[in-house]
Structure formats: C-alpha cells, structure tokens
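So you can see what is in the structure, the chains are spelled out below.
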Amino acid sequence: MSVTSQSDATFAAVDLGATSGRVITGLAGPEKLTLTEVHRFANTPVRLPDGLRWDVLALYRGMLDGLRSAARSGPIASIGIDTWAVDYGLLDADGALLGLPFHYRDSRNGRAAEEVLAVCGAQELYAVGGLQHLPFNTVFQLAAHRTSAQWGSARTMLLIPDLLTNWLTGTVGAEITNASTTGLFDASAGAWSDELIGRLGLERSWFPPLREPGDSAGTLLPHVAEYTGLPAGTPVTAVASHDTASAVAAVPATEPGFAYVSCGTWSLAGLELAAPVLTEESRASNFTNERGVDGTVRYLRNIMGMWLLEECRRTWGLRGDAPGLAELLASAARARPFAAVIDPDDEAFLAPGDMPSRIDAHLVRTGQAPPEGPGGYVRCVLESLALAHRRTLRQAATLAGRELSRIHLVGGGSRNELLCQWTADATGLPVTAGPAEATALGNILLQARARGLAGDLVSMRQLVARTQELRHYTPQGDRRAWDRAAARLAPG
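Below you will find a few notes about this structure. (Residues numbered from 1 in each chain as written. Predicted model: local features only at pLDDT ≥ 70, side-chain atom pairs only at ≥ 80, totals over all residues. Heavy atoms only, no water.)

## Details of the packing of helix α14 (residues 373–400) against helix α15 (residues 417–427)
Okay, so step 1: Between α14 and α15, the least distance of the axes is 9 Å, while the angle of their chain directions is 45°. Taken together, the axes of α14 and α15 lie oblique to each other. Where α14 crosses over α15, the handedness of that crossing is right-handed. Contacts between α14 and α15 involve Arg379, Leu382, Glu383, Leu385, Ala386, His389, Arg390 and Arg394 from the first element and Leu418, Leu419, Trp422, Thr423, Ala426 and Thr427 from the second. (Axes fitted to C-alpha atoms, helices over the stretch in contact; angles between N-to-C directions. Helix = DSSP H or I, 4+ residues; strand = E, 2+ residues; numbered from the N terminus. Parallel < 35°, antiparallel > 145°, perpendicular 65-115°, else oblique. Left-handed = near helix turned anticlockwise from the far one by under 90°. Contact = heavy atoms within 4.5 Å.)

Next comes the structure, spelled out in structure tokens:
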C-alpha cells in the first residue's frame, strides 16, 4: 500500500475539454504522482438564435460539484484550471458576464478574419504573434463581436479558464499560455501587443495583467468555499491553462530531439523550442508559436484530430447504427489499407454535422471511392491522421532546424493502438504513447511545483516517465506504401 509522506500533497485539477469536463485530484510529491477522477460532467454547447455558444454556467456548476467531491476525499492544497484555447467572455464594468461565450466552431468568424487582415496583413500578424491562421483565433472572434450590443458595455475580456478563475476568486488575470493563442500577444516580447491592440481599435484596458504558470490566482470566495466544503483561503494556482500547454509539460521525454502529438479532439503536433520561429516560410506553412511553461515555445500545427472519428460515431448513432469503439477499431484493422485518405484539415470538417457524408464528398473531389462500412471510415480517418502527423512533424523539424529522435503521443488518442502504430509506421520514428491524462498531470505538477514539491521541467518529465504507464511502438511494414498514400494528398 502506498504511504503518503509529509512532503506529498493533494491538488485538484479542473480539466475542461470540448465535449466533457472533469475534476481530478492528484497526489504529488518528489517520487509520487497519482490521479483520481472524482467527477465528470458533459460539456454540451447550445445553439441560440445568434449562434453556437458554450453553456459556461453548466460548466461552472459542474466544476463546483467536482470540487465538492474533491473536498470529501481529503485536504486539497490548491486548485488549478485548464481548458481549450481562444474562446472568451466579455465582462461589463460591474464584472458581470455579457452573454454566454461563443463557440469557436460558430460560423461567424470567416468574414471577420478578412476584415482584420485588411487592417493588419497576414505577414504583420504573424511577425508579431506567430500564430497559425485559424478562422477562430480570438482576434478574429473579437472582430466578429464588434457589431453586437454587448460590445459597448464590455470592459474586460477573459479567456475561459480566466473567467472560471474569476468566478472562484474574484481576481482578474490572463494566464500566459492561453493568452498566447489570441493573436494579440507578442510572441517575442512575451507580453500583450499594444501595437496590434491599438491598430485594431480594441481597448487596451480590456486585457488583464498576465500570469505565469505557478503564479497565485487568489483564494476561494466565501460563497464558493461554503458550497464546495473547501476551507476558506484555499489557494487557486494559475497552471498552464491552455490544456495543450499542460499536456506538453507532462510529456515524459528523457532524451533530446523529441516531438510531441497531443491527441484528443484536436491533434497538436510539434516541437518544444527556446524561441519562436517567425519566418515567412513558417507562416506560409501555417505553424503556430504558442507559449509553453518556463518561457518555452510550443511550435506546432493544429490538426483536426479525433473530432473526425467522434463526429462519425455521433452521426451513426443518430441513424441507429452505433457500433462500439472496440468493434469499430477491430473492423478498421481488417479494412483494406489506404483504400481512401483525406486531408484532416479541410475546412469542410470543422463544423459539427454528418461527417461520413463530408468524407464522401472530400473523396469524390479527390477522385477516390468512399470507404466500405464503418470500419473503412475509421481506417481512413486514422491513416489520414497518421499521415498528417508525419507531414506536420517533418515540416516543423525542417523549419526549426531540428533532428527528431522520437515522438511522444499523449492524451486520449494515446489509447488508440492503431493510431499510435500507424504514426510510427508513417513517420519511421519510434512512438512512446502515454500518458493519456497528460493534461491533468501537467496541471497537478505545476501546482505541486508552486508548493515546492516538484522540480524544473526536466525533473517533472522524469517523474512522469517513472510513475506513469507508457507503451512503445517501433516502425513496421512497408514505408513506401505510406509514401504513396502521402503523394495522393500532395498539392497538384
């Protein structure tokens, strides 16, 4: 039986993803790192007459209920919150939320992106922020929001984890790893870009002081402490509040030259660098430079990840034909290799909807036949994701001048053995899969480090490697078959 030492402590991680939220407690110390999920709840967006919105009130209630469950499990040293990036809430002069936050998959952003680029060209935006062009980057969402009646009453913009932190503590701040995804952050200076904010006609006062992972974000408000049963004065710690930044902090890398794929709804594939890559070649290749822990840069590209599979399964379920995931994966393993491949980043796949039909349409446009049965679609998705991982990591290594030795695939996708093996086969590199709970582990470790119970980034990763279950995949099969499949997706 594990014995808790006086140097160990238990922390609560609030981890919100695009489809669900969890509260996880983590026991952490110099040689200990264990997680327990104490509460899980759905994250179900709502479509209102004016667009697709996050039900952030339901998320807040789920978080509070989870913290109440955490309190019943024993003393909690602190709380940390991580979520997805780019989305935000606007607050008025009284600190009240002005409407439910928009969902990044809402259709309002395309026209706004054009308006922003007419003021600040793509080259200028990239030279400052270093972000991959995505129509839902915060800078474009804010431009889309300007025509609303709420705009005139707004006084503060808080990204989702900062909004939830505000509701727990009453404090106002912007954690830096998430702030770096807005398009209004100077990637070289590590600060808000006053120049871009002013050029775009935004109010500088809307953008709160920046916080680094490990900074204090205050303590629980009295009514929050009363509801959750946590002691008054329980600290809330700023972690790497962009879930990918927390996940990368927990990559169990023990050798140089590693690449990572944080695979869930999205696949975030890239490298950890000491400085941003802001060249024109990097912009043209659509790579992003986001802030990581300890001033590092997450040099990566967003790839439409397991969302493709999730939407296929949802569509089949609506039709009354919903095979279980294990059955689908077994069927995919038997399906004909490379019968069909797609570009996961085609914008047709971004919005919710009938994903199998969209895949069919993509294949028709590219001169391919639709897959045979659900297993064929799953194989198409997973092989296409492996090819996207290959393309992205090779480009990143070239642009950053790095040699790659290993890929660490973390997050929920690390449980998918086919995806892990096919990523190894496609890239020709060994893949270490796990931990699946990398985001929660990074969240917990950064809280532990703030309490002096964990070391630097290298030490944290070594602890993850020693304490978590990992699986290893070596490249197999005919590499030329992957080359031929990749050639079918090449431009022209």
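## Focus on the sheet that holds strand β18 (residues 297–304)
Backbone hydrogen bonds are what pair the strands of a sheet, in a parallel or an antiparallel way.
Okay, so step 1: Judged by pairing direction, the sheet is mixed, and its seven strands sit side by side in the order β17-β18-β16-β15-β19-β20-β21 without closing on themselves. What marks the edges here is a single partner per strand, and that holds for β17 (288–291) and β21 (471–473). Neighbour-to-neighbour, the strand axes of the sheet open up by a mean angle of 30°, direction not taken into account.
Okay, so step 2: Judged from the three bridges that link them, strand β20 (residues 431–433) and β21 form a sheet pairing that is antiparallel. (Pairing = 2+ DSSP bridges.)

## Things to note about unusual backbone geometry
Okay, so step 1: The peptide bond linking Gly434 to Pro435 adopts the cis configuration, its omega dihedral lying at 5°.
Okay, so step 2: Turning to its location among the elements, Pro435 is positioned in the loop between β20 and α16 (438–450).
Okay, so step 3: The residue Val86 is not glycine, and still its phi comes out positive at about 70°.
Okay, so step 4: Phi at Asn286 takes a positive value of approximately 65°, unusual for a residue other than glycine.
Okay, so step 5: Mapped onto the secondary structure, Asn286 falls in the loop between α10 (280–284) and β17.
Okay, so step 6: According to the relative accessible area criterion, Asn286 is partly exposed, its value standing at 24%. (Buried < 20%, exposed > 50% of the residue type's maximum accessible area, 1.4 Å probe, protein only.)

## A closer look at the pattern of salt bridges
Okay, so step 1: All chains considered together, the criterion is met by 27 salt bridges.
Okay, so step 2: With a shortest N-O distance of 4.0 Å, Asp106 and Arg108 are connected by a salt bridge.
Okay, so step 3: On the basis of relative accessibility, which here comes to 8%, the residue Asp106 falls in the buried class.
Okay, so step 4: With a shortest N-O distance of 3.7 Å, Arg199 and Glu195 are connected by a salt bridge. Of this pair, Arg199 and Glu195 both sit in helix α7 (residues 194–199), four residues apart, roughly one helical turn. (Salt bridge = Lys/Arg side-chain N within 4 Å of Asp/Glu carboxyl O.)

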